[in-house]
Amino acid sequence: MTDATTHHSECLDCEAKFADKNEADVHMRETFDAAPVGADGWSRSGHRTRVVNPTPEERAEIKARSTVSWAVSDAVDGAIDSLIRKVDRGDITAEEVRHHLRSYSDFIDAWDEAQE
């Protein structure tokens, strides 16, 4: 572990700071292994970490993930707007839309929100 101000990540549950992802992963694994088993006999939890100084590769990954996420969100919004217009014109009922969206969880959640 490192105390440098340019550390890669830090623990959200203790004061630990990590020079790189590997150190953070080791800390999470060690604290998970040391954690007591929950009352259900299964659950337990290690410490959580947060990246505060991402590597160039991590920055590129974050940018790509964000780009795709926004594109999907825009697509969902566009599809819902289109379906609302079709319902408003009488081309299809809201119930029919919901019935046929049941296989598309992102879309059905957005549809239900739009109907509230």
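Up top you'll find the structure we're talking about.
Quantities reported herein were computed from a predicted structural model and do not represent experimental measurements. (Residues numbered from 1 in each chain as written. Predicted model: local features only at pLDDT ≥ 70, side-chain atom pairs only at ≥ 80, totals over all residues. Heavy atoms only, no water.)

Asker: Please set out the overall build of the protein residue by residue, giving values where relevant.
Answerer: Helix and strand counts for the protein stand at four helices and three strands. Along the protein, helices and strands appear, N-terminal first, in the series β-β-α-β-α-α-α. Computed over its C-alpha atoms, the radius of gyration of the protein comes to 22 Å, more than 25% above the 13 Å expected for a compact globule of 116 residues. Along the three orthogonal principal directions, the C-alpha set of the protein runs to about 65 × 40 × 20 Å. Burial status across the protein gives 20% buried among its 116 residues. Across the protein, contacts joining residues at least 24 apart in sequence account for 41% of those joining residues at least 6 apart. Looking at the protein as shown, the accessible area adds up to about 8,500 Å², and 53% of this sits on carbon and sulfur atoms. (Helix = DSSP H or I, 4+ residues; strand = E, 2+ residues; numbered from the N terminus. Rg over C-alpha atoms; globule rule 2.2 N^0.38 Å. Buried < 20%, exposed > 50% of the residue type's maximum accessible area, 1.4 Å probe, protein only. Contact = heavy atoms within 4.5 Å. Areas by Shrake-Rupley, 256 points an atom, 1.4 Å probe, with all protein chains shown as cover.)

Asker: Provide a residue-level description of the pattern of salt bridges, including the pertinent values.
Answerer: This structure, assessed with the given rule, holds six salt bridges. Arg65 is the partner of Glu61 in a salt bridge, and the nearest nitrogen-oxygen pair spans 3.5 Å. Taken together, the residues Glu61 and Arg65, both in helix 2 (residues 56–89) and four residues apart, mark about one turn of the helix. Its relative accessible area of 45% is what places Glu61 among the partly exposed residues. Given a relative accessible area of 49%, Arg65 falls into the partly exposed group. (Salt bridge = Lys/Arg side-chain N within 4 Å of Asp/Glu carboxyl O.)

Asker: Lay out the sheet that holds strand 1 (residues 9–11) in plain terms, naming residues and giving numbers.
Answerer: The strand order across the open sheet built from three strands is 2-1-3, with neighbouring strands paired in antiparallel fashion. Two strands in the sheet have a free side with no partner beyond their single neighbour: strand 2 (17–18) and strand 3 (49–51). As defined by bridge partners, strand 1 adjoins strand 3 across three bridges and the pair is classed as antiparallel. Each bridged residue has a counterpart across the sheet, and for Cys11 the counterpart in strand 3 is Thr49. (Pairing = 2+ DSSP bridges.)

Asker: Describe in detail the environment of Ser73, supporting the description with residues and values.
Answerer: If you trace the backbone, Ser73 turns up in helix 2. Its relative accessible area of 29% is what places Ser73 among the partly exposed residues. In the structure, Ser73 is positioned 33 residues away from Asp106 in sequence and 8.9 Å away in space, judged by C-alpha atoms.

Asker: Could you give an account of helix 3 (residues 94–101), naming the residues involved and the relevant values?
Answerer: Because the α-helix completes a turn every 3.6 residues, residues three or four places apart line up on one side. Among the residues of helix 3, those classed as buried are Ala94, Val97 and Leu101. Along the axis of helix 3, the buried positions cluster into a sector of 60°, meaning they face one direction only. Relative to its buried face, helix 3 has exposed residues pointing more than 90 degrees away, namely Glu95 and His100. The elements touched by buried residues of helix 3 are helix 2 and helix 4 (105–115). (Arc of directions from axis to C-beta.)

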